[in-house]
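Fold and geometry: a report
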Amino acid sequence: MENSHVLVLPFPAQGHVNPLMHFAWRIANLGSKVTFVNTDFNHKRVLSAMAGRNEPTGSDVNLVSIPDGMDPEDDRTDIGKLCEAMLITMRKKFQDLIEDINKNHPFTCIIVDGTMGWAREVADKLGIRVAMFWPASAAIFCQLANISNLNRDGYIDSDGFAIKKHKIQISPSGPIFDSDNLAWKVGNAYSQKAFFKYIERVMEDSQLIEWQLCNSIHELEAEVFSLVPKLLPIGPLLAGYDTGNSGAQFWPEDSSCLKWLDRQPSQSVIYVAFGSLTIFDQSQLQELALGLKLTNKPFLWVVRPGNSTQESNPNEFEDSHGKIISWAPQQKVLSHPAIACFVSHCGWNSAIEGVSNGVPFLCWPYFTDQFVNKSYICDVWKIGLGLDKDEKGIITKEEFKQKVELLLGDKITIKKALELKQFAEDNIREGGQSSTNFSNFIKWVEA
Ligand SMILES: O=c1ccn([C@@H]2O[C@H](COP(=O)(O)OP(=O)(O)O[C@H]3O[C@H](CO)[C@@H](O)[C@H](O)[C@H]3O)[C@@H](O)[C@H]2O)c(=O)[nH]1
């Protein structure tokens, strides 16, 4: 790999930058040079969160950035607007960047996030080979690859809005899609339509790419993989695997929670974290705080800056049993023996990380693919329970307490979670399916 130079382009969101960074490190550790392209906005966050972290480097991942097309003060959680801006601006900036670096260090290949499929055209134009990485489930890849069929069969209109409410199951025992909660359902109607149009556009490109890799595990989605045979799992891609490096966080990790976990009894702590984009009503956060108190168990809760519709002081939720932090070293937390369960929004990375550590889930999906991931966790893998809203749309403290007790008393679910952990370990071991797919990909990079 010494003479290779790989460029990696993630979608500008934490749940995409993290797995692509783990992928980048795995390639770099084999001796290749890697250039990792963030947006200017995220580049600054990553560098500032990295400052002060004392982690092994030793490999060559060069961090660079280009503008995303939004103004500095624009709201980047408005995914529809972000996508529109990227399509207008990023292609040209991306091409300029490649041409500039290519002069001195020619690229062997480009790995593009599947949701940045437009980059394929740039790579083709410059005569550079391209591979696609999908950071979510194979099931969601399948859903997005079938947008035209969903439209033809009358589930959605040409702007992606649901026409009829229907449960769709793409394989006999696969996860359930609700036509009213498809992966492009974000924000207001404008944003949703913009995101849908963007997804339609990038999926056309992504599907044309020959190498299609994803952060999944064959056994978790075997039926769905048979529907999209070109898509190959190389997961779980984890921080610390090979590298000991925790990736590219947007917020500084608060590692003090690891010492706190050391002081808690084995399998006693409820870990609560909702990824990088979930936003709650203040009243729902307060209800969750009451629910945690009611369980009478220790808890570690990530209340991210911007986690709530109102500015609040997370310390108001603190309780003598619990610890509140603004960003966790999540993978280290999930592998800690004190963790009993994971209250999660069911982002795909959180799902894969929970599975890889044998942790059972309480599911609280917020948007996009998270409803399908919840269906995997609860209906297909059977390693978790869903939290149900009441008639006012609230998950009450009583519901929370009851589900925690049900989950932690359910030996079958806990055993099943440990079985899936074994699949994850077997896959990344030499000779495992994910490991073999990764090695074959590396041979292609080297060819
Ligand atoms: O305190 C925290 C919370 C999260 N994380 C990490 O942040 C990532 C979060 O990713 P994910 O769980 O997938 O959630 P989102 O940030 O919400 O990810 C977006 O991207 C995912 C991949 O496409 C989708 O599945 C999600 O629905 C979408 O919201 C994971 O690697 C976590 O380990 C931390 O390190 N510390």
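A short tour of the structure in this document, coming up.

1. Regarding the site of the ligand
Close to the ligand lie 24 residues; S276, A328, S350, E353 and D369 are nearest. Between the ligand and H16 there is a distance of 3.1 Å, counted from an oxygen atom to a side-chain nitrogen or oxygen. Within the contact set of the ligand, an oxygen atom lies 2.8 Å away from a side-chain nitrogen or oxygen of N349. When isolated, the ligand has an accessible area of 690 Å², and the protein chains bury 96% of it.

2. A closer look at the side chain of T396
Locating T396 in the fold gives a position in the loop between β15 (384-386) and α14 (397-408). Reaching out from T396, the side chain makes a polar contact with the backbone nitrogen of E399 at a distance of 3.1 Å. Apart from the residues lying within four places of it in its own chain, the contact partners of T396 are E287 and D390.

3. Side note on the sheet that holds strand β8 (residues 211-214)
Judged by pairing direction, the sheet is parallel, and its seven strands sit side by side in the order β3-β2-β1-β4-β5-β8-β9 without closing on themselves. Whereas interior strands pair on both sides, the edge strands pair on one side only; in this sheet they are β3 (61-66) and β9 (231-233). When strand polarity is set aside, the average angle formed by the axes of neighbouring strands in this sheet is 25°. Summarising the sheet, strand β5 (residues 129-134) and β8 pair through four bridges and their orientation is parallel. Within β8, the residue paired with F133 across the bridge is L213. Sheet strands touched by helix α3 (residues 79-104): β1 (5-9), β2 (33-39), β3 and β4 (109-113). Its angle to β3, the strand with the most contacts, is close to 140°.

About the thresholds
- Residues numbered from 1 in each chain as written.
- Predicted model: local features only at pLDDT ≥ 70, side-chain atom pairs only at ≥ 80, totals over all residues.
- Heavy atoms only, no water.
- Near = heavy atom within 4 Å.
- Polar contact = N/O pair within 3.5 Å; in protein donor to acceptor, adjacent residues only side chain to side chain.
- Areas by Shrake-Rupley, 256 points an atom, 1.4 Å probe, with all protein chains shown as cover.
- Helix = DSSP H or I, 4+ residues; strand = E, 2+ residues; numbered from the N terminus.
- Contact = heavy atoms within 4.5 Å.
- Pairing = 2+ DSSP bridges.
- Axes fitted to C-alpha atoms, helices over the stretch in contact; angles between N-to-C directions.

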